[in-house]
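Working through the structure, step by step
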Amino acid sequence: MQPSSQTLAPIVVLFPTIKPPHKTLRFHQICVLILTFLAYASFHASRKPPSIVKSVLGPNVQSNFTKSRSSLTRVSVDSNVTDSGWEPFNGPQGTHRLGELDLAFLASYAVGMYFAGHIGDRIDLRLFLVFGMMGSGLLTIVFGLGYWLDVHLLGYFVGVQIACGLFQSIGWPCVVAVVGNWFGKAKRGLIMGVWNSHTSVGNIVGSVVASGVLEYGWGWSFVLPGILVILIGVLIFLSLVVAPEDLGFESTGKEFEMNVGGSDVETSEKLESEEADLLHMSNVKDVEFSDAIGFLEAWRLPGVAPFAFCLFFSKLVAYTFLYWLPFYLRHTAVAGVHLSHKTAGILSTIFDIGGVLGGILAGFVSDKIEARAVTSIGFLFLSMPALILYRTYGSISMLANVSLMFVSGMLVNGPYSLITTAVATDLGTQSTVRGNSRALATVTAIIDGTGSVGAALGPLLAGYISTRGWNSVFFMLIISILFAAVFLIRLARTEIKEKLSERKWFAYGIVAQ
């Protein structure tokens, strides 16, 4: 992104002491991580309401509750009005309509992702990101207004979701490109593994907020997350700095790092040399920037296609859980007891809590062994038995359900988190693009856009297949994970051969002994 095309954030202009040399590069890196974390967490928080209100909008739970001593606290106590559903989603084909609603959002999101990355490489990322956040927030509120306006037209809800998906697609390429601008490649897996927990944190916040106000009317479950996105968007507009060059720092091509693991001497040298790394803003325009990479050219970059198709199936699984887990918990007895709408929504956050740990763990392991594909494929293979165990034994007791849901979330979200962050950033800044950092948003959009096609397909299939039983849904998820792993086998073999030839893993083994 060319600095000449950027406008500095108002806070930076109003408070010159925020600029270097008053504030260090480390300070601004932390600020960027926090701001982009909040931005994308709010995006995900606003995506969660449709999954929370599914059990309210859709067909009723069958009246086959099994009484137990704890049933007074866990069995559904929702009113008849709440359980009657909402036209047009409460009929015999209600789950089909709900799946189609998910498809409307996620398909437009996937299409918009490709264009958003292409546009993001050419305009001010801060303003583009704010534009996406404002549109997403307003459309989320508009969806919720259907409750008070007593709207029962499928076209209304589908239309709002299509438009919202387009605005939501702006977020991811923008935040990844901004973070990629500020950080070097070393330790990127760990940094972005921690940072990428914003997806799970956003899901948790969205689930808790939407579930907490559900008893007052399902419209509130959309309005409050929509307001949250708008407020965070204002914060981003006021304070986000897109690239270090905008403040006079040198490009991160010199591999600036957040986590300094070296000696005190190295730390002091970096601090002493930081002022020398400052550039006069008048000279920044002279820095060489290559043109934004073409769409087809980005597809031909090494590793982009395999990881993109792997993410297709990984997001298919992750988003099926994102959109259908509360509905599944509501319709599946745990220890013989059906949960209320609110309890099912809050309980589903356990999957996302596991996802936070999974993303961090995948990033840490991939940094340690320096092999993204091997790490991803390991998580994928482990997630298959985890899903089988969850479906088979998750209904035995609340403890078993929570434990297995946590493990499943950790293993399912691990590779999904790694591919959408560290891998996308690695591929977008690899040597084959000759230092062209403007390829980052395009590559990110290709990988996550392809994954989003799978994300659109998963919830739709779940809506149709669930009418045949949840065993069929879990079978679909396991097959999808298998396909995701298959696409990485070739890359994993290459990584293994490289590490064995370099004797790096052997060296790790010697140190461990």
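Thresholds applied
Residues numbered from 1 in each chain as written. Predicted model: local features only at pLDDT ≥ 70, side-chain atom pairs only at ≥ 80, totals over all residues. Heavy atoms only, no water. Patch = residues over 30% accessible without salt bridge, like charges linked within 9 Å, V, L, I, M, F, W, Y side chains within 5 Å. Areas by Shrake-Rupley, 256 points an atom, 1.4 Å probe, with all protein chains shown as cover. Salt bridge = Lys/Arg side-chain N within 4 Å of Asp/Glu carboxyl O. Helix = DSSP H or I, 4+ residues; strand = E, 2+ residues; numbered from the N terminus. Buried < 20%, exposed > 50% of the residue type's maximum accessible area, 1.4 Å probe, protein only. Phe/Tyr/Trp six-rings, centres within 6.5 Å; stacked < 30°, edge-to-face > 60°. Contact = heavy atoms within 4.5 Å. pLDDT = per-residue confidence, 0-100. Axes fitted to C-alpha atoms, helices over the stretch in contact; angles between N-to-C directions. Parallel < 35°, antiparallel > 145°, perpendicular 65-115°, else oblique. Left-handed = near helix turned anticlockwise from the far one by under 90°. Nonpolar A, V, L, I, M, F, W, Y, C, P; charged D, E, K, R; others polar.

Quick notes on a nonpolar patch on the surface
The grouping of Leu-145, Trp-148, Leu-149, Tyr-216, Trp-220, Leu-224, Ile-227 and Leu-231 at the surface amounts to a nonpolar patch, some 800 Å² of accessible area in total. Elements with a minimum of two residues in the nonpolar patch: helix 7 (125-148) and helix 12 (220-239). Sorting elements by how many residues they give to the nonpolar patch places helix 12 first, with four residues. If you trace the backbone, Tyr-216 turns up in the loop between helix 11 (198-212) and helix 12. Taking the relative accessible area as the measure of exposure, Tyr-216 reaches 57% and is therefore exposed.

Observations regarding the packing of aromatic side chains
In this structure the tally under the stated criterion is 33 aromatic pairs. Centroid distance Phe-321 to Phe-474: 6.2 Å. Interplanar angle 85°. Geometry classified as edge-to-face. Pair noted here: Phe-321 is in helix 16 (residues 304-331) and Phe-474 is in helix 22 (residues 470-486), with a separation of 153 residues, a long-range link. Ring pairing ties together the aromatic residues Trp-86, Phe-89, Phe-143, Tyr-147, Trp-148, Tyr-156, Phe-157, Trp-218, Trp-220 and Phe-222, which thus form one cluster.

A word on the pattern of salt bridges
Across all of its chains, the model carries five salt bridges by this definition. Notably, a salt bridge pairs Lys-54 with Asp-102, separated by 2.8 Å at the nearest N-O pair. With Lys-54 in helix 3 (residues 49-57) and Asp-102 in helix 6 (residues 94-120), this pair connects stretches of sequence that are 48 residues apart. Residue Lys-54 is classed as buried on the basis of its relative accessible area of 1%. Its relative accessible area of 1% is what places Asp-102 among the buried residues. As a salt-bridge pair, Lys-499 and Glu-370 come within 3.4 Å of each other at their nearest N and O atoms. Residue Lys-499 is found in helix 23 (residues 489-502), and its partner Glu-370 is found in the loop between helix 18 (349-369) and helix 19 (372-393); the two are separated by 129 residues along the sequence.

A few points about the environment of Ile-353
Among the structural elements, Ile-353 can be located in helix 18. Take Ile-353: its relative accessible area is 37%, and that puts it in the partly exposed class. Placed 152 residues apart in sequence, Ile-353 and Val-201 show a C-alpha to C-alpha distance of 7.6 Å. In this structure Ile-353 touches Ile-204 and Phe-406, once residues within four positions along its chain are discounted.

Here's the deal with the environment of Thr-375
Tracing the sequence through the fold places Thr-375 in helix 19. Distance from Thr-375 to Pro-415, taken between C-alpha atoms, is 7.5 Å for residues 40 residues apart in sequence.

What about the confidence of the model for the protein?
When the pLDDT values of the protein are averaged, the result is 81; 78% of them are 70 or greater. The least confident element of the protein is helix 14 (residues 281-284), whose mean pLDDT is 37; the most confident is helix 12, at 97. Note on residues 1-5: pLDDT is under 50 here. Beyond four places in sequence and across chains, it has 17 contacts. Residue range residues 254-290 is modelled with pLDDT below 50. Its contacts to residues more than four positions away, or to other chains, number 56 contacts.

A word on the packing of helix 16 against helix 19
With their axes 13 Å apart at the nearest point, helix 16 and helix 19 run at an angle of 30° to one another. The orientation of helix 16 relative to helix 19 falls into the category roughly parallel. When you trace helix 16 past helix 19, the crossing you get is left-handed. Taken together, the residues of helix 19 that come into contact with helix 16 (itself represented by Phe-307, Cys-310, Ser-314, Phe-321, Leu-325, Tyr-328 and Leu-329) are Arg-372, Ala-373, Leu-380, Leu-387, Tyr-390 and Arg-391. Across the contact of helix 16 with helix 19, the residue classes tally to ten nonpolar, one polar and two charged.

As for unusual backbone geometry
Each neighbour pair has its own omega, and for Pro-20 with Pro-21 the value is 5°, a cis peptide bond. Here Pro-21 shows up in the loop between helix 1 (10-14) and helix 2 (25-47). Look at the link from Glu-87 to Pro-88: it is a cis peptide, with omega at 10°. Positive phi, close to 55°, is recorded for Asp-150, a residue that is not glycine. Topologically, Asp-150 is positioned in the loop between helix 7 and helix 8 (154-168).

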